[in-house]
Amino acid sequence: MRQIVLEVRDLRVSYHTPSGDLPAVDGVSFSLAQGEAMGLVGESGAGKSTMALALMRLLPRNVSMLEGGIELEGRDLLGMDEEAFRHEVRWQKMAMVFQGAQEAFNPVVRVGEQIAEPMVVLGGMTKAAAGAEALRLLGVVRLPGEIIQRYPHELSGGMKQRAVIAMALAMKPRLLLLDEPTSALDVTVQAQIMDQLKELKQELGLAMVFITHDIALASDICDTIGVMYAGKMAELGPAEDVLAKPQHPYTRLLLASLPRLSQDAPPQFIPGSPPDLRMPPRGCRFHPRCPQVFGRCILEEPPLLGVGEGHESRCWLAEDRP
Amino acid sequence: MNPRDVTQVLLSTGSGRVGAVFLTTLVLVSLFVLIRFPLDFGPTRWNNPASWADNPKAAAPAWTRLWQGNQAIGHRVYQSQEPSASTPLADLEQRTYTFSYDYGGGRAPTLMALSVVDVRFASRPTVLTLQVRRPDGRTLTLYQTVVRGPREGETPPYLRFQDAPLRVNLSSDGDAAARVREFYAQQMGVALTVEALQGRITHAVFGTPIEGAPGQFQPLPGAYQFTLTAVTGASSDVIGNVKLVMGGSVYGVMGTDTLGRDLALGLLFGFPVALTIGIATSVFATIIGASLGMLSGYMAGKTDLVIQRFTDIWSNVPLLPILIFLIFILGQKLWLVVVLMILFGWPGLTIVVRSMVLQLRSGQLVEATQALGASKVRIMFRHLLFQIAPFIFAQMIFFTPGAILAEASLSFLGLGDPSIPTWGQILENGFRTGAVYVGYWWWVLPPGLLIVVTAMTFVLLTLGLEPVVNPRLRENR
Amino acid sequence: MSLIWTLAIRGLTLLGVLFVVLIMLVVALGATGFSDRMLRAIIGEEVRGLRTSLAQTIRDPDQLEATLEARRRDLESFYGLERPWYSRLPSMVLRVVKLDLGSARTLRSFDGSSRVTDLVLERLPYTMMLITTASVITAVLGLWAGVKLATRAGTALDRLSSYLSAVSYAVPAWWAGILLILLLAFRLHLLPAGGLYSTPPPEGGLARFLDLLWHAVLPIFTLVAVSLGAWVYTVRTMVLNTAQEFFVTVARAKGLPEGRVMRRYILRVASPPIVTNLVLGLAGSLGGAILTETVFNWPGMGRLFYEAIITADENLVVALTFMFTLLYVAARFVLEVLYVALDPRIRYGSRT
């Protein structure tokens, strides 16, 4: 039985800029069940990070529009009072591992204190109990316990990344948002951390939203994959289906851009660059870069069309299928 | 970024525009002063008491009459090269110079002075007489003199009052007092004591005695006709210039100080001086600071270490006490002040430029040029300088008010250069002679205000240049 | 270990400052021939004193003169006057450090002593009182206002403050003091225009102390007013810069209350650069004290400096230059220690 943890309905976020409003997320919907991981994949500027910030309600001040619905275990997050959201949801129900763990720690406070802090402030634990818990969490991410006494500048990049994950687990959240958690690390460390995340997912039954530009990395851990392009969901479906039978030309190009050992063909680059969202192209947003573009693409924007069991693609090509 | 871009960014901000307008004004006024004022204005005019003798002392600006009303009287100067009338008198010639003074009945003139310049005679010494006809019809002789006759061995024409004019301050002259007492005794039947006239000659000339109050005078308003009569021996004799001053209680645009100096002139002269101090100091300090910073950042190793340590120490020397000491010991010279401020002004920039160069040095551009074989010096000056130039320029502007303020502070402590009047010195004069404590606001407010406005000009320009220095700001605009 | 090392480096640099200033003092004094004059004056004084005491015992004037002349020569060789000035540098430095600079020309201490040491040490507490009070008030007010402004960044109030800070930078302390005297003392008769006590000073210890405080209000207010603007702006910028750091966002994501984020994640982190700026402003406030004391006739070392200049008293000028440098270096070191205590990155690593 799938128990829905997170439900996002038709989410829209726009930023205010001097040269017009910029719709960074433009009508995105998906849902996520307990113990499931969802991958959000796309180029930078596709709206992935804005999605995460909107979920945490940490959007910058220049947001001009925030619409749609976000429900966490049935509670409407967008309508909640700010103070209640801070006090009841953040870090307790939903935590986040940020992109750029290198700057995620306060440089003048010891690492252990920063991990334990929410347990004391929000969870009402004693300092000693919170310290012991922080020590346990460091063990979970396989860090030596003495790190508790260290200052952030004394940790290596990989250690900081693990410490950030330990910090995110502090309040035993139901949902973990991971925004490019391994992008700054070298490949071996990246693999270790991905293994750990997989373990955590199984052991703790965490729901995860995994945000990355690297579709291969996402396929490693995710049950569902959503490919975002220019603020919209281009393709959404079970990970195996999206990887094995990509329906959207953009997904195909993303997959083709990956270097592979088993193929002789060199990786391809996607020509062109993402559109300026202040003046998006008419019709399908991908049409200027699409190798399979035809007349209708330029005139009309396609809706998300069903292409299989729980598999949708925002492409007119999908309409021909049964 | 080329200079035109910098200007454009500067003018796109409010503070930049205001700063640019102020700077233009400062420069224009300075140019005007440089053209119109002699360069030795300090010793020959400002610090020469003779050039201010005919001015009222500590007089408020003339426009204060707006609220002072009848309490204030204006300053009047009558001058004439040609006599109003000239009549033959036997074998002599009598020339008269007539000036009419309207007295409103309020305060009596603060000063009454007669000057005559350039008298030449062929044989008979010229006789000069000053008389005033009062509104009550009485005539009072204030002054009479015979120009000194030929000296032994002197040949005609005899020249008198060429370099130093004949100048009589009638309002404090003993001879004039005696004539006034004689006039009062003969025409009014009032005997005035010497003490009663002490400092009150003008009150007597422009008034009538009050009965029962000896030494008090009732102002007598109306038209007073002053006549200088010159009796000369020949029509070829010359009288160059005749001047009569009726001192006011207000003067000019900016008033005067206790020496009667026209503050407007001193303040005007301060413009180019302040700008020169500020700009000369900042330009040279910037050149030294930026060069050492680039050298330090680029050379690394021992050179870097030595420069760094030295800069660290040098930048921590407390400026004002050392400036006071050195100027005090080495002499009160403006050029010395500028040189010392340059010597102590560069380290801040060196530290910042060094760190910028270090950042840029690790950048790819320099590595690439190095790989292409460009020489070290060339790299430093072409590529690095090009990239940090806007920043250095902004620092230079930022440093300018510091130099102006430091000079003003030194001047205020009495260490100003006596041969070059500055705003700080005018203020110091006012402070030391107690102008603050007797309320001579026109003496202390304007110079301070000018210092503040000049410093503000450069601060505003710095604020306007912030987007040049900090590109992130430029994009967010 | 590295903590001690860091402090040692800073301490050495500051000692270097003191050394450089001392060298500048004695070289300037020596090269201008002033040190010769200074020493001769000291010798002359001593010989005069000797004359009055010897006049009792030695009756013969010729013998008296000869004795005095011999004594003078002794003293001259003792002070090294027959050698060139640069060979006397070390002893000169020592004399300046000990403030052993003879006596002031016309100025006297409150109890009538003319010794430079007495004069300077007597005025020192008044300067300290002024500078420390003003610095503490400025620091506290600036922190409070700077944080307030940072939370209102971009508002009209914030823009106004940036202009006010520019004005505050451009207004010389002494001119501000003159304005305040004109306005508050002479026009409105609210506060005394200067001096230490009223004339006549009130009876009783407490009344006297309150009178002193009453006279300190305007000088302190002036010092605070001219440095507060720039300081508020610095704090505001530092706080804003830190508030944009990523770990602040993380702290908010952790569900921490806003007050705690401000205290622990913004102010705590911004405090080392704020202290740095406090350090940099120190030289300015020292100079400000010299001028402010002059304007308000406040009998501290600053006013003494002015009086020494006006009466061309060279010994005093030397002593005061050294004292102000010493005061500056000492205060700098205290702040350096504070800085190191605040920033673990320096406590445990290298300074960047």
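Each value, and the rule that gives it
Residues numbered from 1 in each chain as written. Chains lettered and ligands numbered in written order. Predicted model: local features only at pLDDT ≥ 70, side-chain atom pairs only at ≥ 80, totals over all residues. Heavy atoms only, no water. Core = buried A, V, L, I, M, F, W, Y, C linked by side-chain atoms within 4.5 Å. Buried < 20%, exposed > 50% of the residue type's maximum accessible area, 1.4 Å probe, protein only. Helix = DSSP H or I, 4+ residues; strand = E, 2+ residues; numbered from the N terminus. Domains from an automatic or database assignment. Contact = heavy atoms within 4.5 Å. Pairing = 2+ DSSP bridges. Axes fitted to C-alpha atoms, helices over the stretch in contact; angles between N-to-C directions. Expected span 1.5 Å × (residues − 1). Phe/Tyr/Trp six-rings, centres within 6.5 Å; stacked < 30°, edge-to-face > 60°. Lys NZ or Arg CZ within 6 Å of the ring centre and 35° of its normal. Buried area = accessible area lost by both parts, 1.4 Å probe. Salt bridge = Lys/Arg side-chain N within 4 Å of Asp/Glu carboxyl O. Polar contact = N/O pair within 3.5 Å; in protein donor to acceptor, adjacent residues only side chain to side chain. Disulfide = S-S within 2.5 Å.

Draft legend 1. Inspection of the nonpolar core at higher detail. Ranked by internal contacts, the top residues of the largest apolar core, which has 142 residues, are Ile324(B), Phe325(B), Met24(C), Val120(C), Trp174(C), Ile178(C) and Leu316(C). Broken down by element, the residue count for this core peaks at 14 residues, all from helix 17 (residues 441–469) of chain B. Each of two domains, domain 1 (2–97) and domain 2 (116–342) of chain C, supplies a minimum of three residues to this core. When near neighbours in sequence (up to four residues on either side) are disregarded, Met24(C) contacts Trp314(B), Val317(B), Ile322(B), Phe325(B), Leu326(B) and Phe344(B).

Draft legend 2. Quick peek at the pairing of strand 8 (residues 207–212) of chain A. Residue and element names in this part refer to chain A. Counting buried residues in strand 8 gives six out of six residues, a clear majority hidden from the surface. Relative to strand 8, strand 3 (residues 37–41) is paired through five bridges, and the arrangement is parallel. Residue pairing in the sheet places Met38 in a bridge with Val209 of strand 8. Pairing geometry for strand 7 (residues 175–179) and strand 8, over five bridges, is parallel.

Draft legend 3. The arrangement of the sheet that holds strand 12 (residues 311–313) of chain A in detail. Residue and element names in this part refer to chain A. The strand order across the open sheet built from eight strands is 6-7-8-3-9-10-12-11, with neighbouring strands paired in mixed fashion. Only two strands of the sheet have a single neighbouring strand rather than two, namely strand 6 (94–97) and strand 11 (305–308). Mean inter-strand twist for the sheet, computed between neighbouring axes without regard to direction, equals 20°. Its contacts with the sheet place helix 6 (residues 187–204) against strand 3, strand 7 and strand 8, and it is angled at close to 155° to strand 8.

Draft legend 4. Expanded view of unusual backbone geometry. Residue Pro157(B) is bonded to the preceding Pro156(B) through a cis peptide linkage, with omega at -5°. At Trp91(A), a residue that is not glycine, the phi angle is positive and equals roughly 70°. When you line up the elements, Trp91(A) lands in the loop between helix 2 (82–89) and strand 6. Classification of Trp91(A) as buried rests on a relative accessible area of 0%. A positive phi is found at His189(C), a non-glycine position, where the angle reads about 50°. Among the residues examined, His189(C) registers a relative accessible area of 61% and is labelled exposed.

Draft legend 5. View of helix 10 (residues 319–330) of chain B. All names here are of chain B. The first and last C-alpha atoms of helix 10 sit 16 Å apart over 12 residues, in line with the 16 Å expected at 1.5 Å per residue. The buried fraction of helix 10 is high, at 10 of 12 residues. Within helix 10 the residues assigned to the buried category are Leu320, Pro321, Ile322, Leu323, Ile324, Phe325, Leu326, Ile327, Phe328 and Ile329. At the exit of helix 10 stands Gly331, carrying a positive phi of roughly 120°.

Draft legend 6. How the structure looks around the packing of aromatic side chains. Tallying each qualifying case throughout the model produces 31 aromatic pairs over all chains. Ring geometry for Phe98(A) against Phe246(C): centres 5.2 Å apart, planes inclined by 85°, an arrangement best described as edge-to-face. Residue Phe98(A) is located in the loop between strand 6 and helix 3 (111–121), and its partner Phe246(C) is located in helix 9 (residues 246–253); the two belong to separate chains. Judged by centre distance (5.6 Å) and plane angle (70°), the ring pair of Tyr101(B) and Phe206(B) falls under edge-to-face. Of this pair, Tyr101(B) sits in strand 3 (residues 92–103) while Phe206(B) sits in the loop between helix 7 (201–205) and strand 9 (207–209); the two residues are 105 residues apart in sequence, bridging distant segments of the chain. Joined through ring pairs, the aromatic side chains of Phe37(B), Phe41(B), Trp46(B), Trp52(B) and Phe269(B) make up one cluster. When the ring centre of Phe85(A) is taken as reference, the NZ or CZ atom of Arg57(A) above it lies at 4.7 Å. Above the face of the Trp316(A) ring, Arg296(A) is positioned so that its terminal group lies 3.7 Å from the ring centre.

Draft legend 7. Looking closely at the interface of chain C and chain A. Facing the 21 residues of chain C at the interface are 25 residues of chain A. Summed over both partners, the interface of chain C with chain A comes to about 2200 Å²; 64% of that surface belongs to carbon and sulfur atoms. Looking only at chain C, the three residues that lose the most surface to chain A are Phe246(C), Ala253(C) and Lys254(C), adding up to 27% of its buried area. Counting the contacts that link chain C with chain A gives four salt bridges. Lys254(C) serves as the salt-bridge partner of Glu117(A), at 3.8 Å between the closest nitrogen and oxygen.

Draft legend 8. Structural detail: the domain arrangement of chain C. Residues and elements named next belong to chain C. Once the domains are mapped, chain C shows domain 1 (2–97) and domain 2 (116–342). Computed over C-alpha atoms only, the centres of domain 1 and domain 2 are separated by 37 Å. Taken together, the contacts link 17 residues of domain 1 with 13 residues of domain 2. In total, domain 1 and domain 2 occlude about 1400 Å² of area from one another, counting both sides; carbon and sulfur atoms represent 83% of this. Per-residue buried area on domain 1 facing domain 2 is highest for Leu7, Leu14 and Leu18; these three make up 36% of the total on that side. The interface formed by domain 1 and domain 2 contains one salt bridge. Among the salt bridges present, the one from Arg10 reaches Glu336, with a minimum N-O distance of 3.4 Å. Counting across the interface, domain 1 meets domain 2 through one residue pair in polar contact (both at pLDDT 80 or more).

Draft legend 9. A look at the pattern of salt bridges. What the rule picks out here adds up to 52 salt bridges over all chains. Between Asp10(A) and Arg12(A) there is a salt bridge, with its nearest N and O atoms 3.3 Å apart. A relative accessible area of 36% places Asp10(A) in the partly exposed class. Measuring nitrogen to oxygen at the nearest pair gives 3.6 Å for the salt bridge that ties Glu69(C) to Arg73(C). On the criterion of helical spacing, the pair formed by Glu69(C) and Arg73(C) is a turn pair, its members being four residues apart in helix 3 (residues 61–78). Overlapping salt bridges bring together Asp10(A), Arg12(A), Asp26(A), Lys232(A), Arg285(A) and Glu301(A) as one network.

Draft legend 10. Just the interface of chain C and chain B, in detail. Taken residue by residue, the interface counts 49 residues in chain C and 47 residues in chain B. With both sides pooled, the region where chain C packs onto chain B buries about 4200 Å², and carbon together with sulfur makes up 82% of that total. Three residues stand out in chain C for area buried against chain B, namely Tyr169(C), Trp174(C) and Trp175(C), and they jointly supply 16% of the buried area on that side. Inspection of the chain C/chain B interface yields one salt bridge. The residue Arg10(C) makes a salt bridge to Asp312(B) at a minimum N-O spacing of 3.3 Å.

Draft legend 11. Just the state of the cysteines, in detail. Residues and elements named next belong to chain A. Tallied over the entire structure, the rule returns zero disulfides over all chains. The closest cysteine sulfur to the non-disulfide-bonded Cys297 is located on Cys284, 6.0 Å from its own sulfur. We classify Cys297 as buried; its relative accessible area is 7%.

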